[in-house]
Amino acid sequence: MNSEVNIIDFIYSKVNGMTKTDQKIAQVVLADPAGIINDTILKLAKKAQVSEASVSRFCRNLNLAGFHEFKMQLAKVATDENSYYRKIDSRNSSQALESIKDNKIAEITNTMMQVSPSTIDKVLDIIQKASIVQIAAEGDTYPVVADAIYKFNQSGFLTIGSESWETSVAQTLNLNKQAVLMVISNSGETRSLLKQIDIARQRGIKIIAITNRADSPIALKADLHLTTAVRQRVLQAEYYFSRVAAMTVIESLYLLLLAKDKERLNHIREHEEIISNKKI
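All values derive from a computational prediction rather than experimental measurement.

Draft legend 1. Structural view of the confidence of the model for the protein. The predicted model of the protein has a mean per-residue pLDDT of 86, with 88% of residues at 70 or higher. Taken as a whole, residues 233–240 scores under 50 in pLDDT and shows 19 contacts with residues more than four places along the chain or in a different chain.

This is the structure:
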């Protein structure tokens, strides 16, 4: 693990690919990071209902020397409320709303902190030079694509996509080398999107990926990758899907593209004028 990486972010990004034993440990850690700092390896093992050897292996799987280094990394960030998932108590609406707010703020804050300015500049350059931008995603992530298609087209970038993967692949087959394919996937492991990336690469098309894992298959196949920090329950029975982090990246790209070329505001004004008769 890179010493500059937030250990909580790192666990979140790795958790879907962990073994069941490592996931049990991760669940305990993510539920109360600050509470783990003073724990012994035996106490954490008991909380997670695993062996001490499993905890040691968990630390090594995070590319750490051992439990001591794990606690040192945890101590750096565990007191930061933006670092971990806030449990939502459905019995208390006031507390639940506060937790949801904290989770969403954490997703946005940590996503923005992970964005590399040099990578963003390269992504913006590719989009500005592209003959056409195609954006692809599957399932629950597609609404992010629909939002991006609308924004990019409105600001003057010809952008396509389809909720049907079969149609989306057909679109990719019609692209040339001047196009760019942007793939959005939380896990970074979607089989159909990986196949689509392979097709695009065979045609010499640049790939931009937005995923929650820098080491995911989709991220590793991309020319450029932007990492999102998702604060969602990904373990055991609870699961709350979130599009906020990916939408934050899209919104940032959109605003930066406008900032780089103020003339694009005219595209938006023209479009708004055309559709204004649909409003009261």
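Draft legend 2. Inspection of the packing of helix α4 (residues 41–48) against helix α5 (residues 52–61) at higher detail. Relative orientation of the contacting elements α4 and α5 amounts to 100 degrees, with a least axis distance of 8 Å. When the axis of α4 is compared with that of α5, the two are roughly perpendicular. Residues Ile41, Leu42, Leu44 and Ala45 of α4 form the contact with α5, whose participating residues are Glu52, Val55 and Ser56. Its residues assigned to classes, the contact of α4 with α5 comprises 5 nonpolar, 1 polar and 1 charged.

Draft legend 3. View of the packing of aromatic side chains. With the rule as written, the count across this model stands at 2 aromatic pairs. Measuring from ring centre to ring centre gives 5.7 Å for Phe58 and Phe70, while their planes differ by 80 degrees; the resulting arrangement is edge-to-face. A residue pair is termed long-range when its members are at least 10 positions apart, and Phe58 in helix α5 and Phe70 in helix α6 (residues 67–77) qualify at 12 residues. Relative accessible area serves as the criterion here: at 0%, Phe70 is assigned to the buried category. Through a chain of ring-to-ring contacts, the aromatic side chains of Phe58, Phe67 and Phe70 assemble into a single cluster. Above the face of the Tyr254 ring, Lys151 is positioned so that its terminal group lies 5.9 Å from the ring centre. The ring of Phe157 carries the charged tip of Arg264 above its face, separated from the ring centre by 3.7 Å.

Draft legend 4. Highlighting unusual backbone geometry. Backbone geometry places Gln49, a non-glycine residue, at a positive phi of 60 degrees. For Gln49, the location among the structural elements is in the loop between α4 and α5.

Draft legend 5. Layout of the pattern of salt bridges. What the rule picks out here adds up to 10 salt bridges. Between Asp39 and Lys47 there is a salt bridge, with the nearest N and O atoms lying 2.7 Å from each other. Asp147 is paired through a salt bridge with Lys151; the nearest N and O atoms lie 2.8 Å apart. Linking Asp147 with Lys151, this pair stays in helix α9 (residues 142–154), spanning 4 residues, or about one helical turn.

Draft legend 6. Up close: the nonpolar core. Core analysis: the biggest nonpolar cluster contains 31 residues, and Ile127, Ile135, Phe152, Met182, Ile184 and Leu253 have the highest contact counts within it. Sorting the residues of this core by element identifies α8 (117–129), β1 (133–136), α9, β3 (180–185), β4 (206–211), β5 (224–227) and α13 (244–260) as the ones contributing at least two each. Per-element tally for this core: the top contributor is α13, with 7 residues. Ignoring any residue separated from it by four or fewer positions in sequence, one finds Met182 in contact with Ile127, Gln134, Ile135, Ala136, Phe152, Ile208, Ile210, Ile250 and Leu253.

Draft legend 7. Structural view of α5. Looking at α5, one finds that the buried residues are Ser54, Val55, Phe58 and Cys59. What you see down the axis of α5 is that its buried residues fit within an arc of 140 degrees, all on one side. On its buried side, α5 packs onto α1 (7–14), α2 (20–31), α4 and α6. Residue Asn63 follows α5 closely and has a positive phi angle near 65 degrees.

Draft legend 8. Representation of the pairing of β4 in the model. Most of β4 sits out of view: 5 of its 6 residues are buried. Two elements, β3 and β4, share 6 bridges in a ladder whose sense is parallel. Each residue of the ladder has a partner; that of Ser185, found in β4, is Thr211. Two elements, β4 and β5, share 4 bridges in a ladder whose sense is parallel. Across the sheet, the residue bridging to Thr211 is Thr227, located in β5.

Draft legend 9. Broad picture of the sheet that holds strand β2 (residues 159–160). Here we have 5 strands laid out as an open sheet, ordered β2-β1-β3-β4-β5, and parallel in their pairing. Because the sheet does not close on itself, it has two edges, and the strands there are β2 and β5. The sheet contacts of α8 involve β1, β3, β4 and β5, and relative to β5 the element is tilted by about 125 degrees. Sheet strands in contact with helix α11 (residues 191–202) are β1, β3 and β4, and its direction is about 165 degrees off that of β3.

Draft legend 10. Looking closely at the environment of Ile135. By the element assignment, Ile135 lies in strand β1. Taking the C-alpha atoms as reference points, Ile135 and Gly161, separated by 26 residues in sequence, lie 5.3 Å from one another. If sequence neighbours within four positions are ignored, Ile135 has contacts with Val145, Ala148, Ile149, Phe152, Thr159, Ile160, Gly161, Met182 and Ile184.

Rules of the game
Here the residue index of a chain counts from 1 through its sequence in written order. Note on the predicted model: pLDDT of at least 70 is required for a residue's local features to be given, and 80 or more for side-chain atom pairs to be given and counted; whole-chain, interface and lining totals, by contrast, use all residues. By convention in this description, side-chain values take in all heavy atoms of the structure and omit both hydrogens and water. Confidence of the predictor in every single residue is expressed as pLDDT, which spans 0 to 100. Two residues qualify as a contact provided that any one of their heavy atoms is within 4.5 Å of a heavy atom in the partner residue. Only C-alpha atoms enter the line fits that serve as axes; for helices the fit covers just the stretch in contact. Angles between N-to-C directions range over 0 to 180 degrees. Put simply, DSSP H or I for four residues or longer makes a helix, DSSP E for two residues or longer makes a strand, and each gets a number counted from the N terminus. Angles below 35 degrees are treated as roughly parallel, those above 145 as roughly antiparallel, those between 65 and 115 as roughly perpendicular, and all remaining angles as oblique. When residues are grouped by polarity, Ala, Val, Leu, Ile, Met, Phe, Trp, Tyr, Cys and Pro land in nonpolar, Asp, Glu, Lys and Arg in charged, and all others, Gly among them, in polar. Two rings from Phe, Tyr or Trp (for Trp, the six-membered ring) form a pair when their centres sit within 6.5 Å of each other. Planes less than 30 degrees apart are called stacked, planes more than 60 degrees apart edge-to-face, and all others tilted. Remark: exposure states derive from per-residue accessible area (1.4 Å probe, protein chains only) relative to the maximum for the residue type, with buried under 20%, exposed over 50%, and partly exposed in between. Both a distance and an angle decide whether a charge sits over a ring: NZ of Lys or CZ of Arg must be within 6 Å of the ring centre and within 35 degrees of the ring normal. One speaks of a salt bridge when a side-chain nitrogen belonging to Lys or Arg is within 4 Å of a carboxyl oxygen belonging to Asp or Glu. Here the nonpolar core consists of buried residues drawn from Ala, Val, Leu, Ile, Met, Phe, Trp, Tyr and Cys, with membership extended through side-chain atoms lying within 4.5 Å. Working definition: the arc comes from the directions between the helix axis and the C-beta atoms, pointing outward to the latter. Two strands qualify as a pair provided DSSP detects at least 2 bridges between them.

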